[in-house]
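Working through the structure, step by step
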Amino acid sequence: MREIYAEQIKDAVKNLVMDTEYNLPEDFIGALKDSIEKEESEVGKEILQTIIKNAEVASSEQVAYCQDTGYPVFFIDIGQDVVIKGGNITDIINEAVKEATKEGYLRASLAYDPIFSRQNTGDNTPALIYYNIVPGDKIRIKFAAKGGGSENQSKQAMLKPADGLEGIREFVLKTIANAGPNACPPFTVGIGIGGTFDYSTVLAKKALFRHIGERHPDPRIAKLEKQLLEDANKLGVGPLGFGGIITAIDVKIEIAPCHIASLPVAVNIQCHAARHKEIEL
Amino acid sequence: MNEPKRITTPLTDEIIQDLKIGDRILLNGVVYTARDAAHKKMLQEYEETGKLPFDVKGQIIYYVGPTPAKPGQVIGSAGPTTAYRMDKYTPKLHELGLKATIGKGWRTPPVKEALKKYKAVYFAAYGGVAALLSKHIVHAEIIAYEELGPEAIRKLVFKDFPVVVANDIYGGDIFQEGQKKYRKICI
């Protein structure tokens, strides 16, 4: 068994959170730069340039890219040959988020009680953590700072098997069009198809971690990703919804087996603050 | 793209009448912040006492919850939040004299009607470019509801803060107009 110490995990996660908040992933920035040329709208071009400049300023000054520093979401794969010493991993992750929030000047963006007081928890905890046990002796930690504006425009539908591809396409494109300027395009669109009602949404969120341009290994799904991206960019939404060609930077689909009666589809909209990073310990 | 116009708060009917969708504006002067929790609290307070925590006449509300300021900063990252969530409260504030709001995304019909009726506008700021926008804020202080943390009401001073007129008193909508031109498929 390989031993990993709680303190080591905490420091790594704290750095991961701050790095994610200040520095957009390079593949995403590269794709944004490439998109300027394709954009036909003058305002759209200017917005894309402003977005890139914002990324540069956030990175060079080490400040939050967006004031909505997001809901901290983790996907953690723990190798079954790892022993974590010196603390409970959920507590460690939350402690790391707390410290990153304070030391990194991040906004406290969680309300403890969703219905009544809606009081701010003050430190961005509790984080949402999905654990997965995997073979091996490593821990892989994926982190997303998920903004509320784009999360609010995300949707799930329990389609009928008979709705098929066309039903999926219509639901996805309607969701993107409705999200429009409310969710800060250009988007990356995470789509989960199959599984159960709840699992489809987890798949959609997980899909957002794939690199820009990295297609699904199943060529049929890869083709669907390309088609949906092309169609999304015909909707006219454009950068920040002011109209234009570049509505989405990428579309990523994850699939899972599902019930013979069901066709669950979830669309997780990701704004241009596409803050997803991962580390391995 | 048109040249930006400089405007200084407070806003008057004359200034508002001149604003058309797509106009690029550099805002200067005092602006107040409020978002979800502050709106709820503010309108509740108005119902109970007949008063708001600040006089909205001629003023602008910016929908923002900034990050904490780092040492040496006036304010942390401070971009707009999605405006429609405030639409339940916005017509009343315009009735009480509020002249403009700043946010991102589209507004619902009751707000668009209120803009026409009470002579007010909705400005869109560029969403998500929060590190850049904070550089156009030269002063920030909490004036009410400190307990709401990032949602407290702040008095800001803007210096050439860039916005676009998104909804005007003539019923225009910049997002609908802009998107129409580039839509190539119907769904």
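Remember, it's a predicted structure, so these values are computed and weren't measured experimentally. (Residues numbered from 1 in each chain as written. Chains lettered and ligands numbered in written order. Predicted model: local features only at pLDDT ≥ 70, side-chain atom pairs only at ≥ 80, totals over all residues.)

1. Examining the overall build of chain A
For clarity, the cut-off: What counts as a helix is a DSSP run of H or I of at least four residues, what counts as a strand is a run of E of at least two, and both are numbered from the N terminus. A residue is called partly exposed when the number of other C-beta atoms within 10 Å of its own lies between 12 and 20, exposed at 12 or fewer, and buried at 20 or more, with C-beta atoms placed from the backbone. Contact definition: two residues whose C-beta atoms, as placed from backbone geometry, lie within 7 Å.
In terms of regular secondary structure, chain A is built from eight helices and 10 strands. Along the first, second and third principal axes, the C-alpha atoms of chain A reach 55 × 50 × 40 Å. Taking all 281 residues of chain A together, the buried fraction comes to 49%. Counted over contacts in chain A with a minimum sequence separation of 6, partners at least 24 positions apart contribute 81%.

2. Concerning the overall build of chain B
Convention followed: Computation of the radius of gyration draws on C-alpha atoms alone. For the globule rule, the value is 2.2 Å times the number of residues to the power 0.38.
From N to C terminus, chain B includes six helices and seven strands. When the elements of chain B are put in sequence order from the N terminus, they spell out β-α-β-α-β-α-β-α-β-α-β-β-α. Relative to its length of 187 residues, chain B is compact, with a C-alpha radius of gyration of 16 Å against a globular reference of 16 Å. Expressed as a percentage of the 187 residues in chain B, the buried residues total 50%. Within chain B, counting contacts between residues at least 6 apart in sequence, those at least 24 apart form 61% of the total.

3. Thoughts on the sheet that holds strand E4 (residues 128-134) of chain A
Residues and elements named next belong to chain A. What counts here: Pairs of strands are assigned from DSSP output, requiring at least two bridges between the strands. In this description, a line fitted to the C-alpha atoms serves as the axis of each element, helices being fitted only across the stretch in contact, and the angle between N-to-C directions of two axes falls anywhere from 0 to 180 degrees.
An order of E4-E2-E5-E10 is seen for the four strands of this open sheet, with the pairing classed as mixed. Only two strands of the sheet have a single neighbouring strand rather than two, namely E4 and strand E10 (276-280). The average undirected angle you get between the axes of adjacent strands in this sheet is 15°. As judged from the five bridges shared by strand E5 (residues 139-146) and E10, these two strands associate in the antiparallel manner. Note on E10: the bridge partner recorded for Ile-141 is Ile-279.

4. Quick look at the sheet that holds strand E6 (residues 155-159) of chain A
Each strand in a sheet pairs with its neighbour through backbone hydrogen bonds, running either in the same direction (parallel) or in the opposite one (antiparallel). Residue and element names in this part refer to chain A. Taken in spatial order, the four strands line up as E6-E9-E7-E8 in an open sheet, and their pairing is mixed. Both edges of this open sheet fall to E6 and strand E8 (248-258), since each of them pairs with a single strand only. Sheet twist, expressed as the mean angle between neighbouring strand axes with direction ignored, is 15°. Contacts from helix H7 (residues 197-207) reach E6, strand E7 (187-195), E8 and strand E9 (263-270) within the one sheet, and its direction differs from that of E7 by about 145°.

5. Focus on the domain arrangement of chain A
Residue and element names in this part refer to chain A. Where we set the bar: Residue ranges for the domains originate in an automatic or database domain assignment. Three classes are used: nonpolar for Ala, Val, Leu, Ile, Met, Phe, Trp, Tyr, Cys and Pro, charged for Asp, Glu, Lys and Arg, and polar for all others, with Gly counted as polar.
Per the domain assignment, the segments of chain A are domain 1 (2-21 + 65-146) and domain 2 (149-274). Summarising the inter-unit geometry, the C-alpha centres of domain 1 and domain 2 are found 26 Å apart. Opposite the 10 residues of domain 1 that make contact, domain 2 presents eight residues. At the level of secondary structure, the elements contributing two or more residues to the side of domain 1 that touches domain 2 comprise strand E2 (71-79) and E5. Per-class residue counts for the side of domain 1 that touches domain 2 are seven nonpolar, no polar and three charged.

6. Remarks on the packing of helix H2 (residues 26-38) of chain A against helix H3 (residues 42-61) of chain A
Residues and elements named next belong to chain A. Counted only if it meets this: By definition in this entry, angles of less than 35 degrees are roughly parallel, angles greater than 145 are roughly antiparallel, angles of 65 to 115 are roughly perpendicular, and the rest are oblique. For a crossing to be left-handed, the near helix must be turned anticlockwise from the far one by less than a right angle; the clockwise case is right-handed.
The N-to-C vectors of H2 and H3 enclose an angle of 155°; their axes lie 9 Å apart at closest approach. The angle between the axes of H2 and H3 places the two elements in the roughly antiparallel class. H3 is crossed by H2, and the crossing has left-handed handedness. Of the residues in H3, those in contact with Ile-29, Leu-32, Lys-33, Ser-35 and Ile-36 of H2 are Lys-45, Leu-48, Gln-49, Ile-51, Ile-52 and Ala-55. A class-by-class count of the residues in the contact of H2 with H3 yields seven nonpolar, two polar and two charged.

7. A word on the interface of chain A and chain B
Counting residues at the interface gives 52 residues for chain A and 38 residues for chain B. Elements with a contribution of two residues or more to the side of chain A that touches chain B: H3 and helix H6 (164-179) of chain A. Among the elements that line the side of chain A that touches chain B, the one with the most residues is H3 of chain A, at 11 residues. Each residue belonging to the side of chain A that touches chain B can be placed in one class, and the counts come to 23 nonpolar, 17 polar and 12 charged.

8. A short note on the confidence of the model for chain B
Filter applied, for reference: Per-residue confidence from the predictor is reported as pLDDT, which spans 0 to 100.
Looking at chain B as a whole, its pLDDT mean stands at 97, while 100% of the residues score no less than 70. Interface confidence in the predicted complex, given as ipTM, is 0.96; pTM for the same model is 0.97.

9. Notes on the pairing of E2 of chain A
Working note: regular strand, side chains alternate between the two faces of the sheet. All names here are of chain A. Of the strand pairs in this sheet, E2 and E5 are connected by eight bridges, and their pairing is antiparallel. Paired with Asp-77 across the strands is Arg-140, a residue of E5. One ladder, built from seven bridges, connects E2 with E4; its direction is parallel. Its bridge partner being in E4, Ile-78 is matched across the sheet by Ile-133.

10. Some remarks on the nonpolar core
Our working definition: Put simply, a nonpolar core is a cluster of buried Ala, Val, Leu, Ile, Met, Phe, Trp, Tyr and Cys residues tied together by C-beta atoms within 7 Å.
Among the nonpolar cores identified, the biggest contains 131 residues, and Tyr-65 and Ile-191 of chain A together with Phe-123 of chain B are the most heavily contacted of them. Looking at this core element by element, the count peaks at eight residues for strand E7 (residues 153-167) of chain B. Every residue in contact with Ile-191 of chain A, bar those within four places of it in the chain, is listed here: Val-172, Ala-204, Ala-207, Val-251, Lys-252, Ile-253, Val-265, Ala-266 and Val-267 of chain A.

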